[in-house]
Amino acid sequence: MTTIKKMVIDACIARSPGESIHPHSRMCRDFLSIFRERNHILVMTKEIRQEWDKHMSRFTRSWLVSMISRNQLMFINDTENAELRTLLNNCSNETGHVHAMIKDIHLVEASVKTDEIIISKDDKARYHFALEANGIAQLANITWVNPTNELEDSLLWLEKDCPEQHERKLSYIDTGKLIAATK
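Residues numbered from 1 in each chain as written. Predicted model: local features only at pLDDT ≥ 70, side-chain atom pairs only at ≥ 80, totals over all residues. Heavy atoms only, no water.

## Topic: the nonpolar core
Grouped together as the largest cluster of nonpolar side chains are 47 residues, with contacts concentrated most on W52, W63, F129 and L139. The dominant element in this core, judged by the number of residues it contributes, is helix 2 (residues 23-37), at five residues. In this structure L139 touches L84, L88, V108, F129, E132, A133 and L170, once residues within four positions along its chain are discounted. (Core = buried A, V, L, I, M, F, W, Y, C linked by side-chain atoms within 4.5 Å. Buried < 20%, exposed > 50% of the residue type's maximum accessible area, 1.4 Å probe, protein only. Helix = DSSP H or I, 4+ residues; strand = E, 2+ residues; numbered from the N terminus. Contact = heavy atoms within 4.5 Å.)

Right under this line is the structure:
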C-alpha cells in the first residue's frame, strides 16, 4: 500500500527540468515524474504558486497541469507563522544568515501545515535552517530533500514512499557536509 505524502516543492525544482540532458535537469524531471506516479500531493500557497509561475519550465508546466487533473495539488492559505518568523529574525546577529531563511520561510510555513517535507536544490537555505533546527522546535522535524544531490538517492526514497529518515531532517542534517554549498 502506497503512503501518499504532501510535499512542498521549491520553484528552483520547477525551473530545472527542461529538455536538456544536463544531470540536474534530468534528475528534477525524474523526481517530478516519480512524484506524480506515486500519487504524492504537491502543496502550494499563493506565494509558492507565484514563484512557480515565474520560473517553471515547459516540462514543469505540463507536469503541473497533469497534477491538477489528477487531484494531486493541495492549495493552502493562512500559512504565515508569526512566532516562527520572530524566532528566525532573532536567532542570529548575522544578517545574511537570517535573510537566507526569511527568503524561503514560506516553504517552511507550508510544510509545517502539511507533512513537513520540502523538496529543494537550495542547500544554502537548508544549511541555515539546519543550524537553527535544534533550537527552534518547528524546524526540527522538517525533512529536506535535494533531488540533484546523488548522495541523497531521492528517487529511491520516493519509490519507497518517503520513509522517515533522521538524516533527512533539519535537526539531524550534518551541517559540516552542507557548508561547502554556502560558499
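## Quick word on the sheet that holds strand 1 (residues 6-9)
Taking strand neighbours across the sheet as the criterion, the five strands line up as 3-2-1-4-5 in an open arrangement whose pairing is parallel. Pairing within the sheet leaves two strands with one partner each, and these edge strands are strand 3 (73-75) and strand 5 (143-145). Each adjacent strand pair in this sheet contributes to an overall mean axis angle of 35°, direction not counted. With three bridges connecting them, strand 4 (residues 117-119) and strand 5 associate as parallel partners. Looking at the pairing, I117 lines up with T143 of strand 5. Contacting strand 1, strand 2 (41-44) and strand 3, helix 3 (residues 46-55) runs over the sheet at an angle of about 100° to strand 2. (Pairing = 2+ DSSP bridges. Axes fitted to C-alpha atoms, helices over the stretch in contact; angles between N-to-C directions.)

## Re the packing of helix 3 against helix 7 (residues 105-112)
Two elements in contact, helix 3 and helix 7, have axes separated by 9 Å at closest approach and are oriented at 130°. Here helix 3 is positioned oblique relative to helix 7, judged by the angle of their axes. In this structure, the crossing between helix 3 and helix 7 has a hand that is left-handed. On the side of helix 3, the interface is formed by E47, I48 and E51, while helix 7 contributes H106, L107 and A110. Here the residues of the contact of helix 3 with helix 7 are counted per class, giving three nonpolar, one polar and two charged. (Parallel < 35°, antiparallel > 145°, perpendicular 65-115°, else oblique. Left-handed = near helix turned anticlockwise from the far one by under 90°. Nonpolar A, V, L, I, M, F, W, Y, C, P; charged D, E, K, R; others polar.)

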